[in-house]
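# Working through the structure, step by step
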Amino acid sequence: MTGTFGLLRFLLRRERLGLPWWLLGATLLVLIQSTQSQSLYGTPQALARLRDTIGANTAVIAMSGPTELLSALGGEIVFEIFAYVAIVVALMNMFLVGRHTRADEESGRAELIRSARVGRHAPLVAALALAGLADVAVGALVFAVSAGTGLPLAGSVLFGAAVTGLGWVFATLTAVAVQVFENTRAAYGAVALVLGAAYVFRAIGDVGDGAVSWASPIGWGQRTLPYADDRWWPLLLPLLTAALLGAAAVGLLAHRDFGAGLVPPRPGRATASRWLRDPYALAWRLQRGTLIGWTAGLVLLGVAYGSLGDSMEQYVRENPQIADFLPGGADDVVNSYLAVTAGMAALLASAFGVASLLRVRGEESSGRAERVLAMPVSRLTWLAAQLSVPVLGSAVMLIAFGLGEGVAYGMTVSDAGQVPRLIGVTLTYLPAVWLVIAVAALAIGWVPQPAAIVAWVVIAYCVVVTMFAESFDLPDWAQWPSPFTHIPRVPLADFAVSPLLVTVLVAAVGVAAGYAGLRRRDVGT
Amino acid sequence: MTTPTDAAISITALRKTFGATTALDGLDLRVAPGEVHGFLGPNGSGKTTTIRVLLGLLRPDAGEVRMLGGDPWRDAVALHRRLTYVPGDVTLWPGITGGEVIDLLGRMHGGIDRRRRDELLEQFDLDPRKKARTYSKGNRQKVALVAALASDAELLLLDEPTAGLDPLMEAVFQRCIHDLKQQGRTVLLSSHILAEVEALCDRVSIIRLGRTVESGTLGELRHLTRTSIAVETAEPPQGIDALPGVHDLFVEDHHARFDVDTAELDAVVRRLAPLGVRSMTSTPPTLEELFLRHYGDEQSNGRKVVGS
């Protein structure tokens, strides 16, 4: 344990730029939900109406939490936001612990640290302490925001404590995973799997009699029932689990060699398969897992949104305030809703596209781009190969979302025709996605160093314009630069082909200009 | 010897800056077809930058660069069909096995000789089924070496290719380069390992701070350095200190030890002969000495270097 404290200070320094964003994200989720719910359901009548609508809607319960929470306004906020906060906090803990344990071991940084006067357990304990402190900070912020927006004190403390407890579970779970697997990717995969299972278990339990929810760390947090019933004893579950997992991680660490895992890596292929023969195949091979994950996620999201489609009309009739958030108002609720969800899918596909294309920069800075470009491969081919994944992958993602939404919505309204219709609807937004990707390509060509920042700022801007233009009353000029502004908002608006063609054309020009930049600059800077 | 047009690599007054840093400051390099050319220089002297210019990854600021009769920047793809490259710090795609990388690179190069590939894997003792993230530095290096040596490229650009290899593998590598030389292929070998350069290279260029300070055959370069002499004579060795090119003379009775500029060696031996030489050992200058003279700022300030 020697050196733990010094290491912890070092870790805090390494995280000083990244960690605040995670804390901010979790805090904003609660802040937005709290203000929004208080304005929508501030009266007992509004809350009672909501209880009647949602209490009978399986899809909403499966996506959110147990209906017992709906007996108080604060509980309604926890009901809506807890699962999302849980995902953010769980991922934060996964990255915090993974980055400073297994990832450091893989890169060899940990070797340098361990060769100094630092105990065997110090890096693990320091990483856990870092995550534990971050969780306390998140809990404190959740409390501050909840209490600060006028919610009862006791419930707010419980809400914050539940979030902290959940964070500790995932921090210690990650600590175990990084002992078991010898590479960070596999460890993250295992933790993400547990997180997914936690979400699914609580969904099954909340829809049923609640028993299965007790198998889920997210369920433990929600079932403290902050504001609704203020139960303190379920907090013991995460505390106990975290203690056990933490002890297990420390114990396992003593039983493995530095750099090794408990599960030995499987040997892979000795020769490449027939199709792995050019930069295109390489790009798709490298992003295969990411593509499958995103596509599966968008199918599920489509199913979730689609299953709510039919009940939207009733929901808005009973809670007319909601209509302000829909671009079509109360007149055409279902189509407004479908347009909004398709827009969200398109934003997610844009985020995928940008993340995928920005791998170009990672390839460059790591020197792997050099490996390919030293072959008889032109920069045009190389860029085209890297572009093929986001360009085609984003289309696949939109189809996946449309398919999921179409199947789920089609089943609730007994109309198989919704499947092709909603795939068509979602694909209408594809040109805007491509234009966002083209902007990233342009940045990579001409301003490679800040390209990632440029691209993510563009995404953030599009999110604000697409999701909040109505709520914030953004002026037209502020909305104009977003490609999503120019896409007809089907199925609410009529389909028109010319804006789509223009958008595709602008995207093509952007990519061509990006290539012109890439062609004349140094590679690998 | 070789005119710029028929040289495999011909670089004249190459300049490349990165912002305020000058990486290459008028570098010259000539590599004749079929020769193994040693490319020496301390860390940060511009070896890697030069190779990356030759690969068309970096655009030169000034100077002329020709390789295999083409322009490395403009004709990159056509030239890359005829060359292969091994970097000093090999990074691979973590989720792909070494065998897959070798095949992929081979196919991108236009096909791979399966038998040669397997032979090399065995010689370098490399397990191709391991994911790249689990390879050590030396093993990643071997992946790149096998991929490069299995190709039939006429020019090999090797940037400190043996930095992570153990002595056994170093020997395998030297054998492979020796075979390539027999086949008449051209190799530009950047290296720190002077024994390797002495064993393999026909000619050597030494660069420092982005500029070429020496270039020539090992013999020619040795000529510019000093030979250490230890001699025992019948008559006390007198008058040696008066000879040009003699340094660090130490005389005791009939023994003398000194260094002599190799160019003046003949005159010194003629002066010693009449004294009745009983025994004499002469240590030829090593590349290392040459290297240290050019790099060690302090040393080279003290002793004037001939040439350059």
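Residues numbered from 1 in each chain as written. Chains lettered and ligands numbered in written order. Predicted model: local features only at pLDDT ≥ 70, side-chain atom pairs only at ≥ 80, totals over all residues. Heavy atoms only, no water.

## A word on the overall build of chain A
Tallying secondary structure elements over chain A gives 23 helices and zero strands in all. The C-alpha radius of gyration computed for chain A amounts to 24 Å, which stays within 12% of the reference 24 Å derived for 525 residues, consistent with globular compactness. Across its three principal axes, chain A shows a C-alpha extent of roughly 65 × 60 × 40 Å. Looking at chain A residue by residue over its 525 residues, the buried ones come to 52%. Partitioning the intrachain contacts of chain A with sequence separation of at least 6 by distance along the chain shows that 75% fall at a separation of at least 24. Split by element, the accessible area of chain A, about 22000 Å² in all, is 68% carbon and sulfur. Charge-centre separation for chain A: the mean point of 34 positive side chains lies 15 Å from the mean point of 33 negative side chains. (Helix = DSSP H or I, 4+ residues; strand = E, 2+ residues; numbered from the N terminus. Rg over C-alpha atoms; globule rule 2.2 N^0.38 Å. Buried < 20%, exposed > 50% of the residue type's maximum accessible area, 1.4 Å probe, protein only. Contact = heavy atoms within 4.5 Å. Areas by Shrake-Rupley, 256 points an atom, 1.4 Å probe, with all protein chains shown as cover. Lys, Arg positive; Asp, Glu negative; His and termini not counted. Charge placed at Lys NZ, Arg CZ, Asp CG, Glu CD.)

## With respect to the interface of chain A and chain B
Between chain A and chain B, the contact holds 39 residues from the first and 37 residues from the second. Summing the contributions of chain A and of chain B, the shared interface buries around 3400 Å²; its carbon and sulfur component is 58%. Our enumeration of links across chain A and chain B arrives at four salt bridges. In this structure, arginine 133 of chain B and glutamate 106 of chain A form a salt bridge, with 3.8 Å as the shortest nitrogen-oxygen distance. Inspection of the chain A/chain B interface yields 24 residue pairs in polar contact (both at pLDDT 80 or more). When residues of the side of chain A that touches chain B are traced back to their parent elements, those giving at least two are helix H13 (279-309), helix H16 (359-366), helix H17 (368-373) and helix H23 (498-520) of chain A. Residue contributions to the side of chain A that touches chain B peak at five residues, all from H17 of chain A. (Buried area = accessible area lost by both parts, 1.4 Å probe. Salt bridge = Lys/Arg side-chain N within 4 Å of Asp/Glu carboxyl O. Polar contact = N/O pair within 3.5 Å; in protein donor to acceptor, adjacent residues only side chain to side chain.)

## Quick look at the domain arrangement of chain A
All names here are of chain A. Partitioning chain A into domains gives domain 1 (4-253) and domain 2 (279-520). Each of domain 1 and domain 2 has a C-alpha centre, and these two points are 29 Å apart. Carbon and sulfur atoms make up 61% of the area that domain 1 and domain 2 hide from each other, which totals about 1100 Å². By the criterion of area lost to domain 2, the three top residues of domain 1 are Leu40, Thr53 and Met63, representing 42% of everything that side buries. At the junction of domain 1 with domain 2, the criterion picks out zero salt bridges. Examining the composition of the side of domain 1 that touches domain 2, we find that four residues originate from one element, helix H3 (residues 44-55), more than from any other. Classifying every residue of the side of domain 1 that touches domain 2 gives seven nonpolar, three polar and one charged. (Domains from an automatic or database assignment. Nonpolar A, V, L, I, M, F, W, Y, C, P; charged D, E, K, R; others polar.)

## Some thoughts on the packing of aromatic side chains
The way to describe two aromatic rings as a pair is by their centre distance and the angle between their planes. Residue and element names in this part refer to chain A. All told, the structure shown has seven aromatic pairs over all chains when counted by the stated rule. On the basis of an interplanar angle of 15 degrees and a centroid distance of 5.6 Å, the ring pair of tryptophan 214 and tryptophan 233 is categorised as stacked. Of this pair, tryptophan 214 sits in the loop between helix H10 (184-207) and helix H11 (217-222) while tryptophan 233 sits in the loop between H11 and helix H12 (236-253); the two residues are 19 residues apart in sequence, bridging distant segments of the chain. Classification of tryptophan 214 as partly exposed rests on a relative accessible area of 30%. Put simply, the rings of Trp22, Phe95 and Tyr188 touch in pairs and so form one group of aromatic residues. (Phe/Tyr/Trp six-rings, centres within 6.5 Å; stacked < 30°, edge-to-face > 60°.)

## A look at the state of the cysteines
Overall, the coordinates contain zero disulfides over all chains when judged by the stated rule. Free of any disulfide, cysteine 201 of chain B has its nearest neighbouring cysteine sulfur in cysteine 176 of chain B, separated by 15 Å. (Disulfide = S-S within 2.5 Å.)

## Some details on the sheet that holds strand S12 (residues 255-261) of chain B
Residues and elements named next belong to chain B. Spatial strand order, S11-S12-S10-S13: four strands in an open sheet with antiparallel pairing. If you trace the sheet from one side to the other, it starts and ends with strand S11 (246-252) and strand S13 (277-283), each paired once. When strand polarity is set aside, the average angle formed by the axes of neighbouring strands in this sheet is 15 degrees. With seven bridges joining them, strand S10 (residues 226-233) and S12 adopt antiparallel strand pairing. Pairing of valine 231 across the sheet is with alanine 256, part of S12. Strands S10, S11, S12 and S13 of the sheet are contacted by helix H9 (residues 265-272), whose axis makes an angle of about 155 degrees with S12. (Pairing = 2+ DSSP bridges. Axes fitted to C-alpha atoms, helices over the stretch in contact; angles between N-to-C directions.)

## A word on the pairing of strand S8 (residues 203-208) of chain B
Residue and element names in this part refer to chain B. The buried count for S8 comes to five of six residues, which makes it a mostly enclosed element. Bridge count between strand S3 (residues 36-40) and S8: four bridges; the pairing is parallel. In the strand pairing of S8, histidine 37 is matched with arginine 203. Sheet topology places S8 next to strand S9 (residues 211-217); six bridges connect them, and they run antiparallel. The partner of arginine 203 across the bridge, within S9, is threonine 217. Counting the residues that bridge the hairpin from S8 to S9 gives two residues, and of these leucine 209 lies at a positive phi of roughly 50 degrees.

## Quick look at unusual backbone geometry
Residues and elements named next belong to chain A. A cis amide bond links valine 490 to the next residue, proline 491, at an omega of 0 degrees. By secondary structure assignment, the location of proline 491 is in the loop between helix H22 (476-479) and H23. One non-glycine residue, serine 414, adopts positive backbone phi at about 50 degrees. Mapping serine 414 onto the fold places it in the loop between helix H18 (379-413) and helix H19 (418-427).

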